[in-house]
Amino acid sequence: MTNPPTPQSGSPDKEPASEAQAAQNALGNTERAEVATEPDRSVAKPGPEPEPKPSLGRLFLDNLWAANTFTVTLLSLVLAIVVGAVLMIISDPEVLSTYSYITSRPSDAINSSWTLVSEAYANLFKGSVFDPEAFSGWLDGANGWQAVLAPISETLTYAAPLVFTGLSVALAFRGGLFNIGAQGQATIGVIMAALAGFLLPLPPGLHLLVAVLAGALGGAIWGFIPGILKARAGAHEVINTIMLNYVATYFLTWLIVQNGVQDPNRTDAISKAVDTSAQLPRLLGDNLRVHAGILLAVLATWAVAWLLNRSTLGFELRAVGANPDAARTAGISVTRTYILIMVFAGILAGLGGSNMVLGSTASALTPLVVAQIGFDGILVALLGRVKPWGVLLAALLFGALQAGGNRMQSYSGISLELVTVLQALIVIFIAAPALVKAIFQLRAARAARLQTSLAKGW
Amino acid sequence: MEPGEIHALLGENGAGKSTLMNVLYGLYQPDEGEILVDGKPLKLKGPSDAIGAGIGMVHQHFMLVPVFTVAENIMLGAEQVRGGIAGFLDRRRARREVTEVSERYNLRVDPDAVIEDLPVGIQQRVEIVKALTRDVDLLILDEPTAVLTPQETEELLTVMRSLKAAGKSIVFITHKLGEVKAIADRITVIRRGKTVGTASPEASRDELAALMVGRNVRLTVDKTPATPGEPVLEVAGLVVDDDRQIRAVDGVDLTVRAGEVLGVAGVQGNGQTELIEAVMGLRPVLAGTISLAGDRIDGWKPKKVLRAGVGYVPEDRSVDGLVKEFSVAENLVLDIYDRPPFGAGLALKPDAIAASAKERIEQFDVRTSSADAAVGTLSGGNQQKVIVARELSRPLKLLIAAQPTRGVDVGSIEFIHSQIIHERDIGTAVMVVSSELDEVIGLADRIAVMYRGRIIGIVGPDTPREEIGLLMAGISPDAAQERNTDAVPGDGPATDGGPASDPGSASEDEA
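This one's a predicted model, so the numbers in the text were calculated from it and none came from an experiment.

**With respect to the overall build of chain B**
Counting its secondary structure elements, chain B contains 19 helices and 22 strands. Residue burial in chain B is summarised as follows: out of 511 residues, 53% are buried. Contacts spanning at least 24 positions in sequence make up 68% of the contacts within chain B whose residues lie at least 6 apart.

**Examining the overall build of chain A**
Counting secondary structure elements, chain A contains 19 helices and zero strands. Taken over 458 residues, chain A has a buried fraction of 52%. For chain A, long-range pairs separated by at least 24 residues make up 75% of all intrachain contacts whose partners lie at least 6 apart in sequence.

**What to know about unusual backbone geometry**
Residue and element names in this part refer to chain B. With an omega of 5°, the peptide bond between Pro340 and Pro341 qualifies as cis. With respect to the secondary-structure elements, Pro341 resides in the loop between helix 12 (328-332) and strand 17 (343-344). Non-glycine residue Gln403 carries a positive phi angle of around 45°. Looking at the element boundaries, Gln403 is found in the loop between strand 19 (398-402) and helix 15 (410-425). Exposure remark for Gln403: the 25 C-beta atoms within 10 Å place this residue in the buried category. Not every positive phi belongs to a glycine, and Arg452 is a case in point at roughly 50°. In this fold, Arg452 is placed in the loop between strand 21 (446-451) and strand 22 (454-459).

**Here's the deal with the environment of Glu127 of chain B**
Residue and element names in this part refer to chain B. Residue placement: Glu127 occurs in helix 5 (residues 120-133). Exposure remark for Glu127: the 22 C-beta atoms within 10 Å place this residue in the buried category. A C-alpha to C-alpha distance of 30 Å links Glu127 and Ser379, two positions 252 residues apart in sequence. In contact with Glu127, not counting residues within four places along its chain, are Val58, Phe62 and Leu64.

**What to know about the confidence of the model for chain A**
Residues and elements named next belong to chain A. Of all residues in chain A, 80% have pLDDT values of 70 or greater, and the mean over the chain is 82. Here residues 1-52 is modelled with pLDDT under 50, and outside its nearest four sequence neighbours on either side it reaches 143 contacts, counting other chains as well. For residues 444-458, every residue scores under 50 in pLDDT, and the model assigns this stretch 29 contacts once sequence neighbours within four places are set aside.

**Description of the sheet that holds strand 16 (residues 310-313) of chain B**
Residues and elements named next belong to chain B. Reading across the sheet, the six strands line up as 16-19-20-13-21-22 and stay open at both edges, with mixed pairing between neighbours. Both edges of this open sheet fall to strand 16 and strand 22, since each of them pairs with a single strand only. Between one strand axis and the next, the sheet turns by 20° as a mean value, whatever way the strands run. Contacts from helix 14 (residues 380-392) reach strand 16 and strand 19 within the one sheet, and its direction differs from that of strand 16 by about 175°. Set on the sheet, helix 15 makes contact with strand 13 (261-265), strand 19 and strand 20 (429-433); between it and strand 20 the angle comes to about 150°.

**What to know about the packing of helix 11 (residues 293-310) of chain A against helix 12 (residues 312-322) of chain A**
Residue and element names in this part refer to chain A. The contact between helix 11 and helix 12 brings their axes to 5 Å, and the two run at 70°. Accordingly, the angle class assigned to the pair helix 11 and helix 12 is roughly perpendicular. Where helix 11 abuts helix 12, its residues Leu307, Leu308, Asn309 and Arg310 lie against Leu313, Gly314, Leu317 and Arg318. Considering only residue class, the contact of helix 11 with helix 12 consists of four nonpolar, two polar and two charged.

**Examining the nonpolar core**
Nonpolar side chains tend toward joint burial in soluble globular proteins. Counting 213 residues, the largest nonpolar core has Val163 of chain A together with Ile400 and Val432 of chain B as its most contacted members. Ranked by residue count, the leading element in this core is helix 7 (residues 145-174) of chain A, at 16 residues. Split by domain, this core shows at least three residues from each of two domains, domain 2 (221-309 + 395-511) and domain 3 (319-394) of chain B. The contacts of Ile400 of chain B, once residues within four sequence positions are left out, are Ile276, Val279, Val310, Gly311, Tyr312, Val313 and Met431 of chain B. Counting 55 residues, the second-largest nonpolar core is a separate cluster that includes Leu24, Ala94, Ile128 and Leu148 of chain B.

**Examining the sheet that holds strand 12 (residues 247-257) of chain B**
Residues and elements named next belong to chain B. Within the open sheet, the four strands sit side by side as 12-11-14-15. Their pairing is antiparallel. Both outer strands of the open sheet, strand 12 and strand 15 (295-296), are each paired with one neighbouring strand and no more. Bridging between strand 14 (residues 287-292) and strand 15 involves two bridges; their strand directions are antiparallel. Residue pairing in the sheet places Ser291 in a bridge with Arg296 of strand 15. Sheet strands touched by helix 9 (residues 272-279): strand 11 (231-241), strand 12 and strand 14. Its angle to strand 11, the strand with the most contacts, is close to 120°.

**Section: the domain arrangement of chain B**
All names here are of chain B. Under the domain assignment used here, chain B contains domain 1 (6-213), domain 2 (221-309 + 395-511) and domain 3 (319-394). Facing the 15 residues of domain 2 at the interface are 12 residues of domain 3. The element that contributes the greatest number of residues to the side of domain 2 that touches domain 3 is helix 15, accounting for six residues. A per-class count over the side of domain 2 that touches domain 3 returns eight nonpolar, five polar and two charged.

**Focus: the packing of helix 3 (residues 70-91) of chain A against helix 5 (residues 106-128) of chain A**
Residues and elements named next belong to chain A. Direction vectors running N to C along helix 3 and helix 5 enclose 125°, while the axes themselves pass 10 Å from each other. With respect to helix 5, the axis of helix 3 lies oblique. Considering how the two elements wind past one another, helix 3 and helix 5 form a crossing that is right-handed. Across the interface between the two elements, Ala85, Met88 and Ile89 from helix 3 touch Ser113, Leu116, Val117 and Ala120 from helix 5. Across the contact of helix 3 with helix 5, the residue classes tally to six nonpolar, one polar and no charged.

**A look at helix 3 of chain A**
For helix 3 of chain A, with 22 residues, the first-to-last C-alpha span of 32 Å sits near the 32 Å given by 1.5 Å per residue. For helix 3 of chain A, the set of buried residues is Val72, Thr73, Ser76, Leu79, Ala80, Gly84 and Met88 of chain A.

**Re the pairing of strand 13 of chain B**
Residue and element names in this part refer to chain B. With five of five residues buried, strand 13 lies mostly within the body of the structure. A two-sided burial pattern is seen for strand 13, the buried positions comprising Val261, Gly263 and Ala265 on one face and Leu262 and Val264 on the other. As defined by bridge partners, strand 13 adjoins strand 20 across four bridges and the pair is classed as parallel. Looking across to strand 20, one finds that Leu262 is bridged to Met431. Pairing geometry for strand 13 and strand 21, over four bridges, is parallel. Directly across from Leu262, in strand 21, lies its bridge partner Arg446.

**Regarding the confidence of the model for chain B**
Residue and element names in this part refer to chain B. With 82% of its residues at a pLDDT of 70 or more, chain B shows a mean pLDDT of 79. In the model, residues 480-511 has pLDDT below 50 throughout and makes 54 contacts with residues more than four positions away in sequence or in other chains. Interface confidence in the predicted complex, given as ipTM, is 0.73; pTM for the same model is 0.73.

**Observations concerning the pairing of strand 19 of chain B**
Residue and element names in this part refer to chain B. Most of strand 19 sits out of view: five of its five residues are buried. Along strand 19, one buried face is formed by Leu398, Ile400 and Ala402 and the opposite face, lined by Leu399 and Ala401, is buried too. By the bridge criterion, four bridges tie strand 16 to strand 19 in an arrangement that is parallel. Bridged to Tyr312 within strand 19 is Ile400. The sheet contact formed by strand 19 and strand 20 spans five bridges and is parallel. Across the sheet, Ala402 pairs through a bridge with Val433, a residue of strand 20.

About the criteria used
Numbering of residues starts from 1 in every chain and runs along the sequence as written. Naming scheme: in the order in which they are written, chains are lettered from A and ligands are numbered from 1. pLDDT decides what is reported in this predicted model: residues at 70 or higher carry local features, side-chain atom pairs at 80 or more are listed and counted, and totals for whole chains, interfaces and linings draw on all residues regardless. Under the scheme used here, helices are H or I runs from DSSP no shorter than 4 residues and strands are E runs no shorter than 2 residues, and both carry numbers assigned from the N terminus. To assign burial, the other C-beta atoms lying within 10 Å of each residue's own C-beta are counted, with C-beta atoms placed from the backbone; 20 or more indicates buried, 12 or fewer indicates exposed, and intermediate counts indicate partly exposed. We call two residues in contact when the distance between their C-beta atoms, placed using the backbone, is within 7 Å. Confidence scores per residue from the predictor, reported as pLDDT, run from 0 to 100. Strand pairing is assigned whenever DSSP detects at least two bridges linking the two strands. Angular values range over 0 to 180 degrees, each being the angle between N-to-C directions of two axes fitted as lines to C-alpha atoms, with helices fitted over their stretch in contact. Here roughly perpendicular refers to angles of 65 to 115 degrees, roughly parallel to angles under 35, roughly antiparallel to angles over 145, and oblique to all remaining angles. By the convention adopted, Pro, Cys, Tyr, Trp, Phe, Met, Ile, Leu, Val and Ala count as nonpolar, Lys, Arg, Asp and Glu as charged, and the other residues, Gly among them, as polar. In this description, a nonpolar core means buried residues of the types Ala, Val, Leu, Ile, Met, Phe, Trp, Tyr and Cys, linked to one another by C-beta atoms lying within 7 Å. Here the bounds of each domain stem from an automatic or database domain assignment. Less than a right angle of anticlockwise turn of the near helix away from the far helix marks a crossing as left-handed, whereas a clockwise turn marks it as right-handed. What a helix is expected to span follows from its residue count: subtract one and scale by 1.5 Å.

Printed below as a string of structure tokens:
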């Protein structure tokens, strides 16, 4: 991963130049010395300048940006891979048994561990990026060019919906809101997209457009509800979005088995299939799963980056996210902005949901059609450091892990759950930069710790 | 530090006074150098080590739990328990300790009073008692007078003297030259993290100021007499609640005319903040009217009020005035980002914003590494200049400046004051709210004193400051007599409630 090429400068995207500076900023905040005016009889004193009470979200964001350099991200990956390797070894009884006589023949343990781990990770790579065998096979004419691109195709297929949900979470986060509800918004999105996909008899092209927009609309509705509750009633969006996730999930489960929705030829919980006219076109022929969703995802990333950094709305959004008091004082309507943020977040998550049923992953509603894209979106947003292009890269990484994990499971017998564990580990390490720095003895670890302790306020 | 000495630490904004003291109290670790106590080097790992070594600190912001009683707050952190494993809190003992200490040093506090009911001055006293119960020899007071009324300050100075008589040493951090001269035995001036000089209290105020800032400073505001015109802001019978739904502004009538500066003086928390927030549309008006040049503006949204030609320098720049993470340029357009030339439709015009920022930075002498630097990295004075630049860069009918120079270095104070006066001279109505009386006297053409949500007097700038000081404490010279007879228990703003009748009657003697 590289630092995302953010197209803006002078935006709050900038992280403090160094850890030291970040720590210094934090220190500076605690100083409220003031200067002499003429305090003749010292009649009235200026009050102390109260510390602005940053919101929890703001603090988290600050720590995320201040402490999280490219190095930390990279090292987090390395750490997760190392821990993953350990897990592979101890979960494989054969390899583990070699450790019972490690003192007499250490080479056995080392060799078998190495073989297991290296093959597993090699398969992860081959399944997600590039498989040399397929390449030589293509040169020899043993297989077509599709086999060479298959890993990439898989990666992009898995990444596309995650880009949307990651952007959804990131956008809300920049506006100071925790959108835990991307899952629910994506669920409503998938329902609307699917219904539009098999209920509306529309010509090709238009049908697809309507289905995609229906998904966005569904997400928008599901984002609007917590948004307006937050703005009008002060209800915390975290609670509401979590609750709405349940509502959406069980609504989907109920809906699938209703007349007119359930596939008449099936007795299990599956809906009719989306018409082909409403499906996202495949980009590289029918044998490869990659579809136009990834193009939409890149477009969405660009749009969100523009919105955040180059639009008046984004200005309001960032101002509200960074300091709602100052935003209000400057005449920005904080409540309106909160609603808009949630609606936009919902649209993005809803588009992610549409991807799941209009793309190649599935073509009909099932209870698990949305998978975990909403929750994975939170991880993607954090890994991408809540910046649009960072989210795109993070989603690609997660997509690659998914795609590679499939191959790892079938070729090396490593369970797919390990991939989930890897993803979780990466994010944990990213979220706890002090830990990574302590492990790698990075110099700024102390600064990061100081910051977290200061964040609590003494 | 000698035993029984009051040592004043004087320094400019961000000079490093607080940091130094935090190191001394063990909150920060020194990078280099050492601390000697009784000739022995001391290694402090945290505040508990410092307390062990006999160092106590009273922070600028009190570290008290508002819903606990005085005794409970004092035992907090050193809870004594009895009943073995059952661990009952020994409240009786805490109460006894409080009484003991407060008698020994003549610091009257009621151990059973709940902190949130106490006025600020008493709360501070609780902090001092708390430190004293830990048997400290050295007491650090970080800007202790910043929130006190003049009378409360006097009492604090008396307390400090009695502590000194009891052999305690005190480090007194402040930027108030007057207090320093009144009480300190020795003065150390700090500038940019270095000791720049030690002075005796006999040194003149100007000398000390020069030492602090490093150059000679002018402490008065040059201005010509005002030529007031038509009324611009008219407030009548205004009633506003604060965040806790407690009446903060209780029937205020005010008029600010074009071309004049109305100064609003008062101890913080007497409704000034709520008054201006109501004018700006940031706080609902419960009764009364506000008009701007003839138009009723109560009930308008802040954006509409700003658009109508009102400039607003909020009281607390870091909370309400600036988005610290935003760049200087972005902060300079914080309230006009969506107006041409900065925004067209949905798009921002970064070029126009940058160009305007460059101009403003030059015009208002904002010292920043670049227009793209986050505003949080600027010094307090320059942050304030950013706000002033933003508000004065559009044509105004009314400028409301609250605490325009709080926490700002002397050079910036001069500049900001001259800008405010310049705005007055071009015919803008100006309302300056400040708890710094010198600032109000220096800038204002008329001074309104607020006390408990009411204007209790409007006086000219030539009024003796003693009289204004008394007004700020709620005592108008003629009302002093009757006030003495009916000592009303306070139901007003918390900063000045209840037992505040103490300083009241004390000051009445002076009158």
